[in-house]
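# Residue-level structure breakdown
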Amino acid sequence: MATHEHVRNVLLLAALAVVLAVLPPALSVYLKSFVMFTMMYVVLALSWNIISGFTGYTSFGHVAFYGIGAYTCAVLVADHGWHWISTLVVAAALAVVVAVAIGYPVLRLKGPYFAIAMLGTAEGTRVVVTVWDSLTHGGLGISFPSVENSLETYYAMLVVMLMTILVAYIVGHSRFGIRLNAIREDEGAAEVLGINATAYKLAAFALSAMFPAVAGGIQAYKVLYIDPPSVFFVQITIAMALMSMLGGKGTVIGPVVGAVLLYSAQELTWVNFPTAHLIAYGLFIIVIARFMPRGLIGFAIDRGWVRKGMVH
Amino acid sequence: MGPVTAADIALDIRDLRKAFGGVRAVDGCTLAFPRGKISGLIGPNGSGKTTTFNLLTGVAMPDSGQIFYKGEDLAGMKPYQVFRRGITRTFQVTRVFREMTVLENMLCVTALNVSERVARARAYELIDFVSLTRLRGEYAGRLSYGQQKLLEFARALMTDPEVILLDEPAAGVNRTLLQDLLAHIHGLQERGKTIVIVEHDMNVIMNHCARIFVMDYGVKIAEGPPAEIQKDERVIEAYFGRRRG
């Protein structure tokens with residue numbers, strides 16, 4: 001991609017940042033929270049996309065990192081009196097450590113075996129958090145001291161979203177990213193061509209675990225109460241996957257588009273039809289798989305509206 | 001002191017063995033591929049040629065035996081470690097990265113310490129070299145089979161390797177394209193590269209290789225220049241069977 005296109009894209013991102021930064025005074029409490037959660041889903045979908053879209057290892061357990069982040073924040077704030085912002089750094093670090101420890105054995109599995117192993121990882125983490133009473137208060141969950149925090153969590157999520165987009169953009173337009181693509185396309189051939197697949201997969205996995213943990217921490221502080229079922233909710237993983245797929249996994253912009261569209265659609269329907277979004281999720285999966293296997297962006301690429309490849 | 005590596009031997013393979021269950025695919029094979037020459041590796045189907053390539057490039061782990069390259073034993077190394085020592089290969093059935101563009105297929109091979117600018121220049125040069133310039137931005141999966149062969153060949157050259165192993169480069173490639181490919185291969189040989197070709201097309205082998213190695217049932221049964229190999233009784237027997245009296 002030519003330099004002027006990078007400059008244009010960075011300027012677009014900066015413009016988005018400015019708009020989202022000046023927006024809150026104009027928003028109702030509800031809308032502020034709506035925008036914040038949309039940004040959170042952008043973080044989650046983009047992160048999932050690094051390991052599952054770029055690298056081709058479909059994770060059905062990414063909510064584990066989100067939950068770990070949420071609990072890190074909750075335990076440190078509620079039980080140890082930390083400032084909530086500083087817990088986010090610990091959450092990110094812990095997610096990276098867990099990702100490397102789990103990834104080392106689990107990333108040897110491919111396709112559905114990896115997906116199932118990740119599902120098991122997320123469920124296993126939920127069980128550990130539930131039974132580890134002394135640290136996590138088990139099934140009772142953790143309440144934060146009640147404060148008005150909608151503005152600070154909004155800005156924190158904005159910063160994390162911008163960081164995630166920037167990281168995804170850099171990965172997506174670098175040879176590091178192309179190498180992840182090569183592993184996705186044919187891991188054996190990639191290794192024969194000098195790519196240390198194990199190291200690359202671990203790096204991608206760690207990167208994809210870090211931001212969801214931070215988002216989980218912010219979200220926990222925002223809602224002021226968490227318990228294991230709510231932060232290790234399998235539907236959060238499904239949302240990450242679906243948003244990436246809808247927008248176009250393996251691209252940078254796809255998961256952003258997917259997250260905004262799907263979260264908006266869900267928010268619009270659930271007020272009037274509480275379970276409609278679940279039906280919509282199911283329909284989306286079928287429609288995407290049948291008509292747009294490479295998502296909206298892939299659909300646009302095939303018609304020549306958007307350029308192919310990431311580094312042109 | 002390590003093993004004696006004669007200056008004119010690039011890859012020195014000793015008593016290499018690999019069994020898959022009860023099938024001894026490579027069964028004590030000893031081969032010495034000459035440096036800076038084009039060698040041919042032939043043999044009937046299932047004689048262990050591709051397995052030998054897989055063992056050489058770390059794709060499969062040998063049960064025993066050594067593979068000496070520049071005084072170092074490559075046996076048991078991982079594929080990327082072998083590659084970083086200057087040995088590269090293509091595959092019998094092409095393995096291009098289908099959902100990546102031609103340019104991306106090339107760029108992912110470069111070492112990250114090579115600057116982006118240098119890597120791109122090299123990629124453009126090689127894409128021109130195999131006449132795929134027009135298709136640089138196309139998905140590799142949309143190329144014809146012959147074009148994919150060319151891409152795979154060009155991709156293998158991104159890091160300017162010393163040893164190039166080609167697994168059936170002629171299969172599925174039309175005659176015109178094949179002549180181009182062979183010209184490229186000779187060009188590389190003239191620049192001092194060591195090339196080993198596994199091929200069933202005897203015209204390619206007999207007309208383009210300096211030395212031919214023949215395998216059957218996982219062992220080398222003959223070796224020599226083309227004229228000798230064509231007359232070798234053991235080779236004829238391996239391909240056509242023994243006359244029954």
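Residues numbered from 1 in each chain as written. Chains lettered and ligands numbered in written order. Predicted model: local features only at pLDDT ≥ 70, side-chain atom pairs only at ≥ 80, totals over all residues.

## Observations concerning the overall build of chain A
Going by this rule: Per the convention used, a helix needs a DSSP run of H or I reaching at least four residues, while a strand needs a run of E reaching at least two, with both numbered from the N terminus. The burial criterion counts other C-beta atoms lying within 10 Å of a residue's C-beta, which is placed from the backbone; the residue is buried at 20 or more, exposed at 12 or fewer, and partly exposed between these limits. We call two residues in contact whenever the C-beta atoms placed from their backbones are within 7 Å.
Within chain A one finds 15 helices and 2 strands. When its C-alpha atoms are laid out on the principal axes, chain A stretches across 50 × 45 × 40 Å. Expressed as a percentage of the 312 residues in chain A, the buried residues total 48%. Across chain A, contacts joining residues at least 24 apart in sequence account for 77% of those joining residues at least 6 apart.

## Digging into the sheet that holds strand β2 (residues 23-34) of chain B
Residue and element names in this part refer to chain B. To be explicit about the condition: Two strands pair if DSSP finds at least two bridges between them.
The 4 strands are arranged β2-β1-β4-β5 in an open sheet whose pairing can be described as antiparallel. Both edges of this open sheet fall to β2 and β5 (72-73), since each of them pairs with a single strand only. Pairing of strand β1 (residues 9-20) with strand β4 (residues 64-69) involves 5 bridges; the strand directions are antiparallel. Following the sheet pairing, D12 is matched in β4 by F68.

## Some thoughts on the packing of helix α8 (residues 175-185) of chain A against helix α10 (residues 197-223) of chain A
Residues and elements named next belong to chain A. Where we set the bar: Comment: axis = line fitted to C-alpha atoms, over the contacting stretch for helices; angle = value between 0 and 180 degrees taken between N-to-C directions. Orientation categories follow fixed angle ranges, with anything under 35 degrees roughly parallel, anything over 145 roughly antiparallel, 65 to 115 roughly perpendicular, and all other angles oblique. Less than a right angle of anticlockwise turn of the near helix away from the far helix marks a crossing as left-handed, whereas a clockwise turn marks it as right-handed. Lys, Arg, Asp and Glu make up the charged group, whereas Ala, Val, Leu, Ile, Met, Phe, Trp, Tyr, Cys and Pro make up the nonpolar group; the residues left over, Gly among them, are polar.
Where α8 meets α10, the axes come as close as 10 Å, and the angle between the chain directions of the two elements is 110°. One way to sum up the angle between α8 and α10 is to call them roughly perpendicular. The two elements α8 and α10 meet at a crossing, and its hand is left-handed. Contacts between α8 and α10 pair R179, L180 and I183 from the former with A197, Y200, K201 and A204 from the latter. Of the residues assigned to the contact of α8 with α10, the class counts are 5 nonpolar, no polar and 2 charged.

## Some words on the interface of chain A and chain B
Taken together, the contact pairs 19 residues of chain A with 27 residues of chain B. Secondary structure elements with two or more residues in the side of chain A that touches chain B: α8 and α9 (187-192) of chain A. Residue contributions to the side of chain A that touches chain B peak at 6 residues, all from α8 of chain A. Of the residues in the side of chain A that touches chain B, the class split is 7 nonpolar, 6 polar and 6 charged.

## Quick notes on the packing of helix α2 (residues 29-54) of chain A against α10 of chain A
Residue and element names in this part refer to chain A. In the contact formed by α2 and α10, the axes pass within 8 Å of each other and the chain directions differ by 160°. With respect to α10, the element α2 is oriented roughly antiparallel. α2 and α10 meet at a crossing whose hand is left-handed. For the pair formed by α2 and α10, the contact residues are M36, M40, V43, L44, S47, W48, I50, I51 and F54 on the first element and A204, F205, L207, S208, F211, P212, A215, Q219 and K222 on the second.

## Notes on the sheet that holds strand β6 (residues 87-89) of chain B
All names here are of chain B. The strand order β6-β7-β8-β3-β9-β10 describes an open sheet built from 6 strands, whose pairing is mixed. The sheet terminates laterally at β6 and β10 (219-224), the two strands that pair on one side only. Taking each pair of neighbouring strands and ignoring which way they run, the sheet shows an average axis angle of 20°. In this fold helix α6 (residues 175-190) packs onto β3 (38-42), β7 (163-167) and β8 (194-198), with an angle of close to 145° to the strand it touches most, β8.

## Some remarks on the confidence of the model for chain B
Residue and element names in this part refer to chain B. Using the following cut-off: The quantity called pLDDT is the predictor's confidence in a given residue, expressed from 0 to 100.
Residue-level pLDDT values for chain B average 90, and 96% of them are 70 or greater. The least confident element of chain B is helix α9 (residues 233-240), whose mean pLDDT is 80; the most confident is β8, at 96. Interface confidence in the predicted complex, given as ipTM, is 0.89; pTM for the same model is 0.91.

## Thoughts on the nonpolar core
Where we set the bar: By definition, a nonpolar core groups buried Ala, Val, Leu, Ile, Met, Phe, Trp, Tyr and Cys residues that connect through C-beta atoms lying within 7 Å of each other.
Core analysis: the biggest nonpolar cluster contains 165 residues, and V43, A74, M157, A213, V214 and A215 of chain A together with M106 of chain B have the highest contact counts within it. Setting aside residues up to four positions removed in sequence, V214 of chain A forms contacts with G69, L88, A91, A92 and V160 of chain A.

## Topic: the environment of V23 of chain B
Relative to the helices and strands, V23 of chain B resides in strand β2. Residues V23 of chain B and Y217 of chain B lie 194 residues apart in sequence; the distance between their C-alpha atoms is 9.7 Å.

## Re helix α1 (residues 3-22) of chain A
The cut-off we apply is this: Here, expected helix span is obtained from the residue count minus one, scaled by 1.5 Å.
Across its 20 residues, α1 of chain A extends 29 Å between first and last C-alpha, which sits within 8% of the 28 Å expected from 1.5 Å per residue. Burial analysis of α1 of chain A places just 0 of its 20 residues in the buried class, which makes it a mostly uncovered element.

## Some details on unusual backbone geometry
Backbone geometry at H137 of chain A places phi at a positive 65°, although glycine is not the residue there. Position of H137 of chain A among the secondary structure elements: in the loop between α6 (133-136) and β1 (142-143). Its identity as a non-glycine residue notwithstanding, E168 of chain B has a phi of 50°, on the positive side. As for its placement among the helices and strands, E168 of chain B is situated in the loop between β7 and α6. By the C-beta count within 10 Å, which is 20 here, E168 of chain B ends up buried.

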